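# A closer look at the structure
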Amino acid sequence: MYNKFRVYSASHIGHRDENQDAHAVLTKSQYGEFLCVVADGMGGHKGGAFAAQKVVDVCTQKWNENDSIEEPENFLTELAFSAHSAILDSQIEEFAQAQSLVCVLYVNLAQSIFMSMHVGDCRTFQFENESFVKRTVDQSLAQLHALKGDISDDEIASHPDQNKIYSSLGGSEPPSPLIERYETSGNVFLVCSDGFWELFTQQSLGGVIENIGSDKDLDTLIQQQLANKNQHDNTTAILVKLWTEETSGSGLTPQEQYDFKSPEHELLKPESAEKESNSVEVSTEENIDSTQFHSDLESSTVKNTAEQSSHSQYKLLLGLGVLIILITLGYYFLSRPISIDSASLPHQKTSNANSSEANPPIPLPRSDSNSQSKQQDNLPLESSEKSSKEVIGTDTSSADSGNIETRRSTPDIPVSSIDDAIEKTVEALREEGDLGEDDELKVANRGREIGNSQVIKLQQFYKGLPVYGAETITLVRENKIASINSKTLNDINIDTTPALSADEAFTLAEDEVKSTLRMLQQAQLIIFKKGDNYLLVWRAEVEKATGEQVMLFLDSSNALIVEEISLHISEGLVDETK
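Residues numbered from 1 in each chain as written. Predicted model: local features only at pLDDT ≥ 70, side-chain atom pairs only at ≥ 80, totals over all residues. Heavy atoms only, no water.

Check the secondary structure of the protein and you find 10 helices and 27 strands. Considering only contacts in the protein between residues 6 or more positions apart, those separated by 24 or more positions represent 74%. For the protein, the accessible area works out to roughly 23,900 Å², and carbon and sulfur atoms hold 44% of it. (Helix = DSSP H or I, 4+ residues; strand = E, 2+ residues; numbered from the N terminus. Contact = heavy atoms within 4.5 Å. Areas by Shrake-Rupley, 256 points an atom, 1.4 Å probe, with all protein chains shown as cover.)

This is the structure:
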């Protein structure tokens, strides 16, 4: 069992106008617990630095509100949702677009618990001395390419889709935090923003950080990597090294009290003098009952810099990542049917219910990029300048339905079950006049219970037809509706009988696109908002004679193309099996 640790940290502005990263190391000295937080404000989004600092502030507050963390997974998950709500609740016009990504590492040396939570592409790595053990799976399109085998892990850093993130804090939709557990086989942890890991290959990273013995070493490493670059993002890293050393007195047990001295950290600038990080050592004190945790809390906020990239073989991790990510984004990539789930109480674990395939949802449009990925080796990466991060989802749709206003409320309505929460969400929207007489909401996704929170996604239907981009997200927490994020339309009034059948519309569309069209899925009739007008539209994925696959939206009255979205996420990644 590890009973000593050292923490080093650094943060650098890179080649940006401001450092939008924030980080902290928080400790509970009596219990051998500490928390490492790295938050990455969304580059290019106004208020990114504000959002990242808000994440750190929320983590610090929640950490100080608790004694010893008895349920780490629930605690970490709650951090994500609390930070998300805090950013949205700030209601500062100047920071209306504020969003952040985060990675948090929780360590309990007394109980040998090592667990991380992340949203986006900030990462936690585990090493056994110099050898890579595992890392978190990014919530980015580039990571999906790697999971599918289209690119290597080291190509993620310079891939044009690396800036496309599908989960964030402070966005229009609740985050999808991922929890990772670590065995005691690895004694080195690295928590960092993408600005750090993009600078190294995964294969070389273990050896690089093995030589770090002070904050100054870490800061120098970052500066050396940035010296040969013209453009690079903010860079932040927290490095944790654990080891076992016999202490005086009896051996340590999980029931014993620990006396930790928290390492002191300060903002390191390139010109700052060398400062050795203090070793944080564990010493045994009097035994205490493990069920009685009442401690004086010690916390310190840290700000510093660092970089890296990656390479390795971790089939088990990739398999788990594929499962988690594809479940989360199944409707995005595969146009899965809407699931009308059975009842589920907020404090019960939910299981997959039988789903109804009568009303398939409208998949999100997929991003298109014409840049080619860059081949990399085991040397530090020369990443080309990437555009600012963007969160992909309904709000980033190129379709005009993206202009549906998002309305947010925090009604704090008591509910007895998830089904009750759905009914009361609909009632609340009707009372506010956000739904018309012929509109209804159906469950598109019922997220699993996480701690005492559960998220429900609802799709709007008009006279039985789905309304493109019109969704509602309800967050249920502690048997109450904590928030409702609604994108609904209340003034739809059109005839739902199409003048043209799907076959007729797509046959006529071949003249407009000057290509034959092969249907890849059954066409779906939907309501589509175009400017101030509502259209009855046929939507389907099709393949042109050139092999290009697109999602076409055709006006059912004249077969004119209302919207065309490429299904090729990036050049050179076309599925040749189709």
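Now that the structure is up, let's keep going.
Below, the discussion takes up the state of the cysteines. Taken as a whole, this structure holds 0 disulfides when the rule is applied. Here cysteine 122 is not cross-linked by a disulfide; its sulfur's nearest cysteine counterpart is in cysteine 103, at 6.5 Å. A relative accessible area of 0% means that cysteine 122 is categorised as buried. (Disulfide = S-S within 2.5 Å. Buried < 20%, exposed > 50% of the residue type's maximum accessible area, 1.4 Å probe, protein only.)

Let us now look at helix α10 (residues 502-513). Over its 12 residues, α10 runs 16 Å from end to end, which matches the ideal 16 Å to within 8%, given 1.5 Å per residue. On its buried face, α10 sits against β23 (517-519), β25 (533-544), β26 (549-555) and β27 (561-566). Just past α10, the residue lysine 514 takes up positive phi, approximately 55°. (Expected span 1.5 Å × (residues − 1).)

Next up on the list: the packing of aromatic side chains. The full count for this structure, using the stated rule, is 12 aromatic pairs. Ring centres of tyrosine 2 and phenylalanine 114 lie 6.3 Å apart, and the angle between their planes is 70°; this geometry places the pair in the edge-to-face category. Of this pair, tyrosine 2 sits in the segment before β1 (4-12) while phenylalanine 114 sits in strand β5 (residues 113-119), placing them 112 residues apart in sequence. With respect to class, tyrosine 2 is no different from phenylalanine 114; both count as buried. When the centroid spacing of 5.3 Å and the interplanar angle of 45° are considered together, the rings of phenylalanine 196 and phenylalanine 200 count as tilted. Phenylalanine 200 carries the same exposure label as phenylalanine 196, and that label is buried. One aromatic cluster is present, formed by Tyr2, Phe114, Tyr182 and Phe189 through successive ring pairs. Its guanidinium or amino end placed over the ring of tryptophan 63, lysine 28 lies 4.5 Å from that ring's centre, counting from NZ or CZ. (Phe/Tyr/Trp six-rings, centres within 6.5 Å; stacked < 30°, edge-to-face > 60°. Lys NZ or Arg CZ within 6 Å of the ring centre and 35° of its normal.)

Right, let's get into the pattern of salt bridges. Scanning the model with the defined rule gives 14 salt bridges in all. For lysine 62, the salt bridge is made with glutamate 65, and the minimal N-O distance between the two is 3.9 Å. Pair noted here: lysine 62 and glutamate 65 are both in helix α1 (residues 48-65), with a separation of 3 residues, about one helical turn. According to the relative accessible area criterion, lysine 62 is partly exposed, its value standing at 24%. (Salt bridge = Lys/Arg side-chain N within 4 Å of Asp/Glu carboxyl O.)

Of all 7 residues in strand β22 (residues 480-486), 6 are buried, a share of seventy percent or more. Sheet topology places strand β17 (residues 407-409) next to β22; 3 bridges connect them, and they run antiparallel. Bridge pairing links arginine 407 to serine 486 in β22. As judged from the 2 bridges shared by strand β18 (residues 413-414) and β22, these two strands associate in the antiparallel manner. Bridge assignment links isoleucine 413 to a residue of β22, and that residue is isoleucine 481. Two successive antiparallel strands, strand β21 (residues 465-477) and β22, enclose a turn made up of 2 residues, where glutamate 478 displays a positive phi of approximately 50°. (Pairing = 2+ DSSP bridges.)

Membership of the largest hydrophobic core comes to 31 residues, with the highest contact counts inside it found for Leu35, Leu76, Val102, Val104 and Met117. Looking at this core, the elements that each hand over two or more residues are β2 (21-28), β3 (33-41), α1, α2 (72-89), β4 (100-108) and β5. Per-element accounting of this core gives the leading share, 8 residues, to α1. Membership of the second largest hydrophobic core comes to 27 residues, among which are Ile404, Phe506, Ala523 and Ala540. (Core = buried A, V, L, I, M, F, W, Y, C linked by side-chain atoms within 4.5 Å.)

Bringing the side chain of serine 168 into the picture now. In this structure, serine 168 sits in the loop between β8 (164-165) and β9 (178-182). Of the polar contacts made by the side chain of serine 168, one reaches the side chain of glutamine 99; its length is 2.7 Å. For serine 168, the residues in contact, after removing those within four places along its chain, are His84, Gln99, Ser100, Leu101, Val119, Glu173, Pro175 and Val391. (Polar contact = N/O pair within 3.5 Å; in protein donor to acceptor, adjacent residues only side chain to side chain.)

For the rest of this paragraph, the subject is the side chain of threonine 235. Counting through the fold element by element, threonine 235 comes out in strand β11 (residues 235-243). Given the relative accessible area of 0%, threonine 235 is considered buried. Within the structure, the side chain of threonine 235 is placed 3.5 Å from the backbone oxygen of glycine 195, a separation counted as a polar contact.

On average, the protein scores 74 in pLDDT, and the residues at 70 or more come to 69%. In the model, residues 394-402 has pLDDT below 50 throughout and makes 25 contacts with residues more than four positions away in sequence or in other chains. Confidence drops under pLDDT 50 across residues 568-578; counting only partners more than four residues distant or on other chains, this segment forms 29 contacts. (pLDDT = per-residue confidence, 0-100.)

Moving on, we get to the pairing of β11. Of all 9 residues making up β11, 8 are buried, and the element is well covered by its neighbours. In this sheet, β11 lies alongside strand β10 (residues 188-192) in antiparallel orientation, the contact comprising 5 bridges. Note on β11: the bridge partner recorded for valine 191 is isoleucine 238.

Their axes nearest at 9 Å, the elements α1 and α2 cross at an angle of 135°. Classed by the angle they form, the pair α1 and α2 counts as oblique. The way α1 lies across α2 gives a crossing that is right-handed. Contacts between α1 and α2 involve Ala51, Lys54, Val55, Val58, Cys59, Lys62 and Trp63 on the former and, on the latter, Phe75, Leu79, Ser82, Ala83, Ala86 and Ile87. In the contact of α1 with α2, the residues fall into 10 nonpolar, 1 polar and 2 charged. (Axes fitted to C-alpha atoms, helices over the stretch in contact; angles between N-to-C directions. Parallel < 35°, antiparallel > 145°, perpendicular 65-115°, else oblique. Left-handed = near helix turned anticlockwise from the far one by under 90°. Nonpolar A, V, L, I, M, F, W, Y, C, P; charged D, E, K, R; others polar.)

Let's shift gears to unusual backbone geometry. Here the phi dihedral of lysine 514 falls at roughly 55°; this positive angle occurs in a residue that is not glycine. Considering the arrangement of structural elements, one finds lysine 514 in the loop between α10 and β23. By relative accessible area, which is 73% here, lysine 514 ends up exposed. Unusually for a residue other than glycine, alanine 559 sits at a positive phi of about 65°. On the secondary structure map, alanine 559 appears in the loop between β26 and β27.

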